[in-house]
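# Remarks on the overall topology
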Amino acid sequence: MRDWSSETVCTSPVRCWYRGSQLAGAIHTLLRIFDAYGDHLSPQAWSMCFDSVIFKMLLSIASQLSGADTDKRTSETEKKAWIETTIVVLNGVANLLATYVHVLATHESFPDCWQSLLSHFDTLLKLDHLDINSAVFRALRQILAQTNTESRDSATLSRKSTDLVWAQWSRGLPLVSGSEENNQDCLIAYISCLQELYRLMQQYVDAEQTQRILDLLRDAMEQAHIGNYSADIEYLTPLQTNVLESLKLLRTDIKGIPGAIIKQVANFVSLAFQSRDQSARGKRPTYIAVSKESMALLESLITAHAADPEIYANGAVARSLTALSMPITLKYGFKTKTKSIAPWRRATTTAIAILEATLPKITDAKVSDENVRLIWASIIEIANGIMAADCSTVTDLETINNDQDFDIRSFVSLRNLIIPSLGNHVIPDKTRRSFAESLFHTSFIHAASPSELPQVNQELLATLYAPRKGRTIDPPPSPRTKMSYVCLDQLVSLLRVTDS
């Protein structure tokens, strides 16, 4: 094999194309040879092949790319040709090693060979080309998939070798700073590689590594672009699917990890409802589909770990309820319309299911007073959001009526859960007052004039004692009259218990 690493950097487009074609042709030739004779080669012969041929080829490519990046005379066409050649070579190396890694791994030199391979991959990643980064992690995933399985052609990868892959993967997202290129494929390759890597390390993974995984999954979700001809309103993007599937793989039997995962999923729930940079519109996802999917995951996680005091102590439950309150409070104020179930509806059913599982446990878990106050503040925010609705943007009366019926059923379920626990002395009076004020204002069937409403520091019913002036018009009733009656009944029910 010709020593490619001794060559100088190309300066001629024709020469660059020729050199790139030679390298691509070389890897195809190697594949044909090894397909024919690979099973007859000894582990030592395989090791020599990688040292003398494959690694020198990767070194030569890295040198050519580095030179193309620094030489101002190199055109974009030439750079693109070298990038395409690199991808071809990486795909070939991945196919070759994935096919015969079970032979190579039996030789004593394999750990050194593996370390050299990862070193060459690292060199290519440092060149900062999005397509090459994608190819590197696709190659790594393909090779890892052939290790530590029950297959006859599987190779055994030691913990030390696995730790080398972890060190490379956990370094950070393989993105190019300031690039406007679509990074979906690169991030998909990166997250897919994690799924194979985690399979190898799950027996000894610790809390610190798991938290690093969660941080990088969050970064991948938030920094991803979206395709020009796709949206994620009704369906998850492939990347979002990979991120959520990776979350489901994580072990939850490690101290502190269930709460950490719950907080991260709660973050995904809230992504669609946070204010964003409008200048980036069209390039960033809407996160609507992933928000709704995360709600289902959040419910299953919290109900499964409701008896774990840690999820209350670290604020995971409070954070989850806060995230769910966002779409419930927005309701019709959320401008993006969905064909499937509306986000606020999904959030409402999720919140009630979570509260059914967690409220009985809060006392038993000996939750701190501060966390109790945070949890109840979110509960009342959810209750207030269920009661209220700005129907001014909705023209379909049937939709309003159906949503009203849904909200009434939800409110009754929530009311049965929170009363009389709402009287707990740890809960601030302002939290109870917020609930009472929402009941009071929602109970109005006809809109009140400003003079009829209580002023600051006045009791809610203070202004209702004054005789009301007559009107010459018949004001329209609230489109959610049934909800008004429900709230009035609840307000009177509270007054039966206390005159506060």
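Cut-off values and rules
- Residues numbered from 1 in each chain as written.
- Predicted model: local features only at pLDDT ≥ 70, side-chain atom pairs only at ≥ 80, totals over all residues.
- Heavy atoms only, no water.
- Helix = DSSP H or I, 4+ residues; strand = E, 2+ residues; numbered from the N terminus.
- Buried < 20%, exposed > 50% of the residue type's maximum accessible area, 1.4 Å probe, protein only.
- Contact = heavy atoms within 4.5 Å.
- Areas by Shrake-Rupley, 256 points an atom, 1.4 Å probe, with all protein chains shown as cover.
- Patch = residues over 30% accessible without salt bridge, like charges linked within 9 Å, V, L, I, M, F, W, Y side chains within 5 Å.
- Salt bridge = Lys/Arg side-chain N within 4 Å of Asp/Glu carboxyl O.
- Lys, Arg positive; Asp, Glu negative; His and termini not counted.
- Charge placed at Lys NZ, Arg CZ, Asp CG, Glu CD.
- Axes fitted to C-alpha atoms, helices over the stretch in contact; angles between N-to-C directions.
- Parallel < 35°, antiparallel > 145°, perpendicular 65-115°, else oblique.
- Left-handed = near helix turned anticlockwise from the far one by under 90°.
- Nonpolar A, V, L, I, M, F, W, Y, C, P; charged D, E, K, R; others polar.
- Core = buried A, V, L, I, M, F, W, Y, C linked by side-chain atoms within 4.5 Å.
- Phe/Tyr/Trp six-rings, centres within 6.5 Å; stacked < 30°, edge-to-face > 60°.
- pLDDT = per-residue confidence, 0-100.
- Expected span 1.5 Å × (residues − 1).

Right, let's talk about the overall build of the chain for a bit. Counting its regular elements, the chain contains 18 helices and 0 strands. Every one of the 500 residues in the chain was classed for burial, and the buried ones make up 49%. Nonlocal contacts in the chain, meaning residues at least 24 apart in sequence, comprise 80% of its contacts between residues at least 6 apart. Carbon and sulfur atoms provide 52% of the accessible area of the chain, an area that totals close to 24700 Å².

Right, let's get into a negative patch on the surface. A contiguous patch of negative charge, built from E84, D131, E181 and D185, is present on the exposed surface. Within the element layout of this structure, D185 appears in helix α7 (residues 184-201).

A separate point is the packing of helix α9 (residues 238-249) against helix α11 (residues 288-304). Their axes nearest at 11 Å, the elements α9 and α11 cross at an angle of 15°. It follows from the interaxial angle that α9 and α11 lie roughly parallel. The way α9 lies across α11 gives a crossing that is right-handed. Each of Q240, L244, L247 and K248 in α9 lies in contact with α11, whose residues at this interface are V290, E293, S294 and L297. For the contact of α9 with α11, the per-class residue count stands at 4 nonpolar, 2 polar and 2 charged.

Here we take up the nonpolar core. Considering soluble globular proteins, one finds that nonpolar side chains tend to be buried as a cluster. Residues W114, L124, W169 and L247 are the most contacted members of the largest nonpolar core, which totals 133 residues. Among residues more than four places away in sequence, those in contact with L124 are L58, I61, A62, L65, T86, L90, I132, N133 and V136. Among the nonpolar cores identified, the runner-up in size contains 6 residues, and W344, C391, I400 and F406 belong to it.

Okay, a nonpolar patch on the surface next. Taken together, the side chains of Y485, L488 and V492 define a hydrophobic patch exposed on the protein surface, amounting to about 260 Å² of accessible area. Residue Y485 is classed as partly exposed on the basis of its relative accessible area, which comes to 46%.

Glancing now at the packing of aromatic side chains. Across all of its chains, the model carries 8 aromatic pairs by this definition. Both rings, one in W169 and one in Y190, keep their centres 4.5 Å apart while their planes meet at 5°; by these two values the pair is stacked. On the criterion of sequence distance, the pair formed by W169 in helix α6 (residues 159-169) and Y190 in helix α7 is long-range, its members being 21 residues apart. Note on Y332 and W344: the rings are 6.3 Å apart at their centroids and 85° apart in plane angle, and the pair reads as edge-to-face.

Bringing the side chain of T350 into the picture now. Mapped onto the elements of the fold, T350 is located in helix α14 (residues 343-364). Here T350 falls in the buried class, since its relative accessible area comes to 1%. Not counting chain neighbours up to four residues away, the residues in contact with T350 comprise M295, E299 and L324.

Remark: helix α3 (residues 76-104) packs on helix α5 (residues 130-144), axes separated minimally by 9 Å, with the N-to-C direction vectors making an angle of 5°. Here α3 lies roughly parallel to α5, going by the angle between them. Packed against α3, whose contacting residues are I83, T86, I87, L90, A94, N95, L97 and A98, the element α5 presents D131, I132, A135, V136, A139, Q142 and I143 at the interface. Considering only residue class, the contact of α3 with α5 consists of 11 nonpolar, 3 polar and 1 charged.

As a further point, take the confidence of the model for the chain. Counting all residues, the mean pLDDT for the chain is 85, and 83% of those residues have values of 70 or more. Note on residues 1-20: pLDDT is under 50 here. Beyond four places in sequence and across chains, it has 40 contacts.

Here K361 is to be found in helix α14. Taking the C-alpha atoms as reference points, K361 and A306, separated by 55 residues in sequence, lie 6.9 Å from one another. For K361, the contacting residues outside a window of four places in its chain are A306 and Y312.

Before going further, it helps to examine the pattern of salt bridges. Side-chain pairs of opposite charge can arise where the charged atoms are in close proximity. On inspection of all chains with the given rule, the structure shows 15 salt bridges. Among the salt bridges present, the one from E196 reaches R199, with a minimum N-O distance of 2.9 Å. Taken together, the positions of E196 and R199, both in helix α7 and 3 residues apart, correspond to about one turn of that helix. Residue classification places R199 among the partly exposed positions, given a relative accessible area of 28%.

It is worth spelling out unusual backbone geometry at this point. Glycine aside, residues mostly have negative phi angles, and peptide bonds mostly take the trans form. A cis amide bond links I419 with the next residue in sequence, P420, at an omega value of 15°. Of note, the phi angle at D128 is positive, near 60°, even though the residue is not glycine. Relative to the assigned elements, D128 resides in the loop between α4 (110-125) and α5. A positive phi is found at Y287, a non-glycine position, where the angle reads about 65°. Considering the arrangement of structural elements, one finds Y287 in the loop between α10 (257-270) and α11. Taking the relative accessible area as the measure of exposure, Y287 reaches 2% and is therefore buried.

With 14 residues, α10 should reach 20 Å at 1.5 Å per residue; the first-to-last C-alpha distance of 20 Å fits that figure. For α10, the tally of buried residues reaches 13 of 14 residues, placing the bulk of the element in the interior.

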